Amino acid sequence: MGARTPVQHDDQRPGSNLTREEIHAVDMQHHGGGKIASRWRLADLLVIGLVGAAVAAIVSFAGEFRAPYLPAIQIDLAPRALPHYVLYSLVRGVAALSISYVFALGFGLAAASSHAAERILLPLLDILQSIPVLGFLPGLVLGLVAVFPGRNTGLELAAILMIFTAQAWNLALSFYQSLVSVPEPLREACRLAGWRRWETFRRLEVPAGAQGLIWNGMLSMAGGWFFLMVNESFQLGTHDFRLPGIGSYMSVAVERGDHAAMTLAILAMITMIVAVDRLFWRPLVVWGQRFRLDDSAGEAPETNRLLELLRRSRWRRGTRVIRRGAARTASRILRPIQVPLKALPLPSPYGLGATLRRFLVYLLIAALATGAAWGLWQLVRLALAVGSAEWRAILAAAALTFLRVMAAVVIGTAWALPAGIVIGRSPRLSHALQPVIQIVASFPAPMLFPLVVLGLSGVGVPFGSSAVVLLVLSSQWYILFNVIAAVASAPPQLAEAADVFGLRGRARWRRLFLPAAFPGLVTGWITAAGGAWNGTIVAEYLQAGGALHATTGLGSLISEATAQANFPLLTGGVAVMSVIVVSWNRLVWRPLAHVAQTRFGTTQ
Amino acid sequence: MTASTTTTPLLEAQHVSQQFGLPGGHTLEALRDVSLAINEREVVALVGPSGCGKSTLLRLLVGLSRPSAGEVRYRGSPVTGVLSKAAMVFQSFALLPWLTVEQNVEMGLAARGLAEMDRHAAAARAVELVGLAGFEGAYPRELSGGMKQRVGFARALAVEPEILFMDEPFGALDALTAENLRAQVIKLWRDSATSVSSLVVVTHSVEEAVFLAGRIVVFAANPGHVREILPNPLPYPRDVRAEEFGEMVERLHAILTDTLLPEPEHAAAGAPARLVPFPRVHVPEVMGLLDYLGARPDHSAAVFELGEQLGVDYDRMTAVVRTAEQLGWVTTPGEVARLTQAGQALVAQDAKGRRDATRARIMDHPLFARVLGMLREGDGAIDDDELMADLTIHFPFTKAPALFRTVVEWGRYANLLDHDNSSRRVVLTDS
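Note that the coordinates shown come from a computational prediction; the quantities given were computed from them, not determined experimentally. (Residues numbered from 1 in each chain as written. Chains lettered and ligands numbered in written order. Predicted model: local features only at pLDDT ≥ 70, side-chain atom pairs only at ≥ 80, totals over all residues. Heavy atoms only, no water.)

(A) Representation of the overall build of chain A within the structure. Helices and strands together make up the secondary structure of chain A, namely 22 helices and 4 strands. Put simply, chain A has 604 residues, and 43% of those count as buried. In chain A, 77% of the contacts between residues at least 6 apart in sequence involve partners at least 24 apart. (Helix = DSSP H or I, 4+ residues; strand = E, 2+ residues; numbered from the N terminus. Buried < 20%, exposed > 50% of the residue type's maximum accessible area, 1.4 Å probe, protein only. Contact = heavy atoms within 4.5 Å.)

What follows is the structure in structure tokens.
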């Protein structure tokens with residue numbers, strides 16, 4: 001290195017002014033590897049190993065796509081087959097997440113581009129968010145299997161897209177919100193710098209949204225696992241579709257009543273979730289801190305050991321060299337074109353570009369409107385195909401399921417609210433428990449359903465009531481998590497004030513803890529109710545102990561309609577569920593959230 | 001520079017107006033028929049109360065937005081996009097937190113067609129110029145406010161602009177840092193090594209305008225328009241302790257006072273005759289002013305001295321004085337604020353007496369009289385939205401939500417009206 005050594009913030013340890021080279025030197029002494037003179041180190045081996053594993057997994061999975069089309073693949077319940085299945089499921093989840101990110105970026109850009117687009121796209125997202133995965137299933141599966149006849153590609157794509165439908169929407173909303181809250185001066189600075197659209201997107205908008213995208217990606221990944229069993233093995237009419245993966249492993253184990261295999265599958269799932277969390281999300285969250293928009297320099301940045309290890313490895317410099325080289329080659333090739341391009345004036349924000357953009361936006365809106373009209377027409381056609389007796393059955397089932405969902409939310413609240421308050425008010429407890437709860441919350445509850453149902457029916461609980469227990473299982477964590485977060489973020493002075501003015505016992509709960517928890521409680525309710533509605537599809541109709549357990553309800557109606565390929569009934573059921581979820585959101589949750597924010601928000 | 005080049009201004013706004021659409025189909029008129037020329041080799045300062053459209057005009061001049069009416073011309077030809085010959089420094093710095101100092105400074109260079117090597121060289125020059133050498137690899141988060149704004153200046157200078165726009169560039173800095181940077185900016189402008197020909201600065205500080213500018217453009221609000229242009233021939237570098245400097249500050253003070261606190265049309269102080277917006281100030285601010293004046297032997301003080309002594313900027317100070325004047329507690333002959341009989345009586349009262357006195361005064365104020373009338377018509381209650389719409393229609397130059405909050409605050413204090421947060425209505429207090 002030359003006379004001036006640039007010290008990069010991220011390479012520097014807090015409180016030291018060592019350069020990267022010096023840190024290297026110090027590390028070498030500490031780790032006793034001085035002899036190799038920092039040529040190859042553990043970090044490099046780790047990186048190579050991880051990259052190799054990822055490549056191998058993708059290549060192995062790609063073979064899946066070319067495999068001949070076998071609707072009901074044989075699942076091997078032997079323990080040694082399990083890692084393979086876990087890997088397949090993981091690659092599907094990651095693939096779906098990648099598609100979700102692309103969708104989120106495109107959606108955010110489109111929705112933030114004009115008020116007209118915003119007015120159409122945001123409600124559309126709201127509706128899409130409320131449609132349970134099974135609503136997308138028949139269309140995706142039948143369509144894609146038809147597009148790739150004789151090969152597994154269609155079914156694989158359908159499975160990936162079904163996971164996508166559980167992951168994409170909150171990412172899209174998060175990116176849209178980041179886009180509209182980018183401070184205006186930053187946008188002006190980019191325009192003054194003459195940045196084109198693409199550069200502003202790449203260097204301003206994506207970084208500004210990065211923290212939200214990472215955080216929501218973590219939630220999405222967990223949400224994507226929820227329907228893993230359904231996504232990988234389901235019945236559609238006379239066809240039994242099955243894909244190799246941990247979800248189908250679990251379903252087969254349940255079908256055969258193989259308790260050892262079930263336990264193994266659950267353990268494998270936990271291992272995968274913990275591994276992904278430790279190896280991927282945690283380092284990513286810490287890395288994402290550099291994209292904070294607020295300027296708080298005071299608080300010490302969080303650190304992550306894996307991230308530190310990666311930072312010290314040589315791969316960063318390696319990729320930098322490759323990137324520089326590629327950029328240089330590209331600019332050399334492009335130079336003949338660049339010169340005339342540079343002679344052109346800078347793009348005008350309200351000239352041709354704006355007209356073109358407006359045209360594109362209108363085109364998009366027209367396309368969406370056409371699509372919506374077509375969808376509405378199809379809905380009407382299908383609805384007409386549903387007889388009045390069936391409509392009555394759907395509505396009766398909806399009423400029952402509604403009661404179950406509400407019961408689940410009430411039961412979940414009854415224990416999670418006090419527990420969340422107790423954990424949240426103690427920094428030590430919440431610090432220790434939060435990562436654990438996060439892992440527990442991202443575990444797909446439906447994998448536990450068969451075991452729970454068998455246990456409950458063993459003590460004589462009717463299935464109609466155990467369905468409520470299953471719904472509690474799939475929704476309670478959201479309440480707990482959000483209540484902890486809300487209570488923990490309340491200003492500590494409030495607790496001090498309560499001490500000084502002698503608020504004790506019940507008064508303390510009524511005046512301090514409950515109001516402080518309320519905003520979190522409402523957020524928790526919204527997510528929990530969503531989770532419970534989704535859960536009904538699995539909870540009211542499931543295989544356990546070699547028998548089919550079903551109870552009257554909208555969820556079981558949808559599941560049954562799918563299994564029997566009764567598409568008019570399926571459409572009717574899904575439509576009713578979406579209408580209930582959307583209107584409940586509009587009429588109850590949203591006003592409640594408004595009250596929570598304006599009256600009980602502790603930050604003003 | 002030859003004489004002929006001075007005949008066409010460098011940049012010129014011709015009869016520009018700017019309106020913004022508000023939700024509900026209303027419009028906010030920010031600027032009306034403003035004409036202003038920026039000549040070569042000059043520093044122009046834009047001063048005036050907040051909401052008078054200074055920053056709006058700045059953005060029109062740079063080409064960041066386009067006027068609703070009128071035209072902006074650069075060397076005689078219409079400006080249709082962001083001026084590539086211009087650069088801007090922001091009050092909030094507007095640095096990208098994920099880019100290093102060097103990357104931030106290089107932001108505008110690629111689009112101006114510089115090769116990678118030239119970009120590094122230009123950035124290094126700019127960084128050196130503002131005294132940031134050695135900080136190239138730092139992230140903005142690691143820097144103090146003053147250092148951040150130096151990055152802002154380096155980024156602006158790196159593109160070698162002809163005109164440098166500054167939107168309250170020292171507003172977010174502490175006094176010492178601001179003074180240091182101000183002096184450096186003038187040095188850079190006078191330095192022939194830089195390309196900068198003209199500076200346009202929006203500022204809240206009278207001293208800053210006099211220190212920097214050769215011409216000071218005073219704006220008035222409702223809607224924003226140019227009130228007066230004050231030439232400032234003091235030779236550079238300017239000495240803030242010089243007698244002439246002080247005189248210039250006094251002159252600008254006088255113009256601003258006249259703009260912000262115009263002599264009442266009728267002789268008697270007190271409630272204005274027509275419907276005027278109530279200044280957006282809080283009850284304790286006005287009470288504080290009255291107490292302060294009441295404690296002085298002659299019950300009066302020059303408005304700008306008040307601002308300096310109380311640590312309030314002139315914009316805010318005049319708004320507080322204007323409120324006290326509207327309520328008849330203060331008169332403002334010339335640049336002086338003086339307690340009236342009613343004001344002296346109020347200062348002598350206890351908390352309850354002050355509320356009663358405010359109630360009596362405020363009922364005669366045209367804006368409150370109107371709101372109270374609406375409340376009586378609506379059987380003692382009206383919806384927030386209805387009142388907000390009424391305010392928007394009657395005060396097209398004012399932001400209605402802020403005015404609404406002010407009306408509620410004073411109405412509550414005077415025990416005239418209350419606001420029901422859950423039903424979102426304003427209700428009459430029964431008494």
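(B) Broad picture of the overall build of chain B. Each helix and strand counted, chain B has 15 helices and 16 strands in total. Its C-alpha atoms give chain B a radius of gyration of 24 Å, near enough to 22 Å, the size a compact globule of 431 residues would have. Seen through its C-alpha atoms, chain B measures out along the principal axes to roughly 75 × 50 × 45 Å. Relative to its 431 residues, chain B shows a buried fraction of 52%. For chain B, contacts bridging at least 24 residues in sequence account for 70% of all contacts bridging at least 6. About 18,300 Å² of surface is accessible on chain B, with carbon and sulfur atoms providing 52% of the total. Across chain B, the centroid of the 41 positively charged side chains sits 2 Å from that of the 54 negatively charged ones. (Rg over C-alpha atoms; globule rule 2.2 N^0.38 Å. Areas by Shrake-Rupley, 256 points an atom, 1.4 Å probe, with all protein chains shown as cover. Lys, Arg positive; Asp, Glu negative; His and termini not counted. Charge placed at Lys NZ, Arg CZ, Asp CG, Glu CD.)

(C) View of the packing of helix 13 (residues 366-377) of chain B against helix 15 (residues 400-413) of chain B. All names here are of chain B. The interhelical angle for the contact between helix 13 and helix 15, taken along N-to-C directions, is 85°, at an axis separation of 12 Å. Comparing the axis directions of helix 13 and helix 15 gives the class roughly perpendicular. For the pair helix 13 and helix 15, contact is made by Leu367, Phe368 and Val371 and by Leu403, Val407, Trp410 and Gly411, respectively. Split into classes, the residues belonging to the contact of helix 13 with helix 15 amount to 6 nonpolar, 1 polar and no charged. (Axes fitted to C-alpha atoms, helices over the stretch in contact; angles between N-to-C directions. Parallel < 35°, antiparallel > 145°, perpendicular 65-115°, else oblique. Nonpolar A, V, L, I, M, F, W, Y, C, P; charged D, E, K, R; others polar.)

(D) Layout of the nonpolar core. Ranked by size, the top nonpolar core spans 110 residues in total, and within it Val141, Met269 and Leu554 of chain A carry the most contacts. Beyond its immediate stretch of four places on either side in the chain, Leu554 of chain A contacts Ile394, Ala397, Ala398, Thr401, Trp533, Glu540, Gly573, Val576 and Met577 of chain A. With 57 residues, the next largest nonpolar core counts Leu164, Phe170, Trp189 and Val201 of chain B among its residues. (Core = buried A, V, L, I, M, F, W, Y, C linked by side-chain atoms within 4.5 Å.)

(E) Examining the confidence of the model for chain A more closely. Residues and elements named next belong to chain A. Here chain A averages 80 in pLDDT, and 80% of its residues register 70 or above. This model gives residues 1-38 a pLDDT under 50, and the stretch forms 45 contacts once residues within four places in sequence are excluded. Below pLDDT 50 for its whole length, residues 341-351 participates in 18 contacts with residues either more than four positions away or in separate chains. (pLDDT = per-residue confidence, 0-100.)

(F) A look at the packing of aromatic side chains. One pass over the full model with this rule turns up 24 aromatic pairs over all chains. Consider the rings of Phe103 of chain A and Phe164 of chain A, whose centres lie 5.6 Å apart with planes at 85°: the pair is edge-to-face. Taken together, the residues span a long stretch of sequence, with Phe103 of chain A in helix 3 (residues 82-113) and Phe164 of chain A in helix 6 (residues 153-180) at a distance of 61 residues. Under the relative-accessibility criterion, Phe103 of chain A is labelled partly exposed at 27%. Of note, Arg238 of chain B hangs over the ring of Tyr236 of chain B, and the distance from its end group to the ring centre comes to 4.1 Å. (Phe/Tyr/Trp six-rings, centres within 6.5 Å; stacked < 30°, edge-to-face > 60°. Lys NZ or Arg CZ within 6 Å of the ring centre and 35° of its normal.)

(G) Quick look at helix 17 (residues 449-458) of chain A. Residues and elements named next belong to chain A. For helix 17, the set of buried residues is Phe449, Pro450 and Val453. Projected down its long axis, helix 17 shows its buried positions confined to an angular sector of 95°, all on one face. As for helix 17, its buried residues are in contact with helix 10 (246-256), helix 18 (463-489), helix 20 (505-539), strand 3 (541-544) and strand 4 (547-550). After helix 17 finishes, the residue Gly460 shows a positive phi value of roughly 90°. (Arc of directions from axis to C-beta.)

(H) Structural context of the sheet that holds strand 13 (residues 336-339) of chain B. Residues and elements named next belong to chain B. What the 3 strands build is an open sheet, ordered 11-13-12; its pairing is antiparallel. The two strands at the open ends of the sheet, each matched to only one other strand, are strand 11 (300-302) and strand 12 (330-331). Both strand 12 and strand 13 contribute to a ladder of 2 bridges, which runs antiparallel. Bridging across to strand 13, Val330 finds its partner in Leu339. (Pairing = 2+ DSSP bridges.)

(I) Broad picture of the confidence of the model for chain B. Residue and element names in this part refer to chain B. Looking at chain B, the pLDDT average stands at 88 and 95% of residues meet or exceed 70. Counted against residues more than four places away or in other chains, residues 1-6, with its pLDDT under 50, gives 3 contacts. In the predicted assembly, ipTM is 0.82 and pTM is 0.81.

(J) Focus on the pattern of salt bridges. Using the criterion set out here, one finds 32 salt bridges over all chains in the structure. A salt bridge links Glu199 of chain A to Arg203 of chain A; the shortest N-O distance between them is 3.2 Å. Residue Glu199 of chain A and its partner Arg203 of chain A are located together in helix 8 (residues 197-225), separated by 4 residues, close to a single helical turn. Notably, a salt bridge pairs Glu42 of chain B with Arg215 of chain B, separated by 2.7 Å at the nearest N-O pair. You can see Glu42 of chain B sitting in the loop between strand 2 (27-38) and strand 3 (43-47) and its partner Arg215 of chain B sitting in strand 9 (residues 215-220), a full 173 residues away along the chain. Under the relative-accessibility criterion, Arg215 of chain B is labelled buried at 18%. Look at the salt bridges and you will find they share partners, linking Arg92, Glu156 and Glu232 of chain A into a network. (Salt bridge = Lys/Arg side-chain N within 4 Å of Asp/Glu carboxyl O.)

(K) Unusual backbone geometry, seen in detail. Residues and elements named next belong to chain B. In this model, Asn222 is joined to Pro223 through a cis peptide bond whose omega is -15°. Considering the arrangement of structural elements, one finds Pro223 in the loop between strand 9 and strand 10 (225-231). Here the bond from Tyr236 into Pro237 is cis, since omega is -10°, no more than 30 degrees from zero. Locating Pro237 in the fold gives a position in the loop between strand 10 and helix 7 (243-260). Here the phi dihedral of Glu168 falls at roughly 45°; this positive angle occurs in a residue that is not glycine. With respect to the element layout, Glu168 can be found in the loop between strand 7 (163-167) and helix 5 (175-190). Judged by relative accessible area, which is 13%, Glu168 ranks as buried. The backbone of Asn222 sits at a positive phi, close to 60°, despite the residue not being glycine. Within the fold, Asn222 resides in the loop between strand 9 and strand 10.

(L) View of the environment of Val202 of chain B. Residue and element names in this part refer to chain B. Secondary-structure assignment places Val202 in strand 8 (residues 198-202). Overall, Val202 belongs to the buried group, its relative accessible area being 0%. With 15 residues separating them in the primary sequence, Val202 and Val217 have C-alpha atoms 9.6 Å apart.

(M) Up close: the pairing of strand 7 of chain B. Residue and element names in this part refer to chain B. Burial analysis of strand 7 places 5 of its 5 residues in the buried class, which makes it a mostly covered element. Neither face of strand 7 is exposed, since Ile163, Phe165 and Asp167 on one face and Leu164 and Met166 on the opposite face are all buried. Examined bridge by bridge, strand 6 (residues 86-89) and strand 7 share 4 bridges and lie parallel to one another. Looking at strand 7, one finds that Val89 is bridged to Met166. When strand 7 meets strand 8, the two strands line up parallel, connected through 5 bridges. Bridge pairing in strand 8 links Asp167 to Val202. Remark: the strand 7/helix 5/strand 8 crossover connection has right-handed handedness. (Right-handed = clockwise from strand over helix to strand, strands pointing away.)

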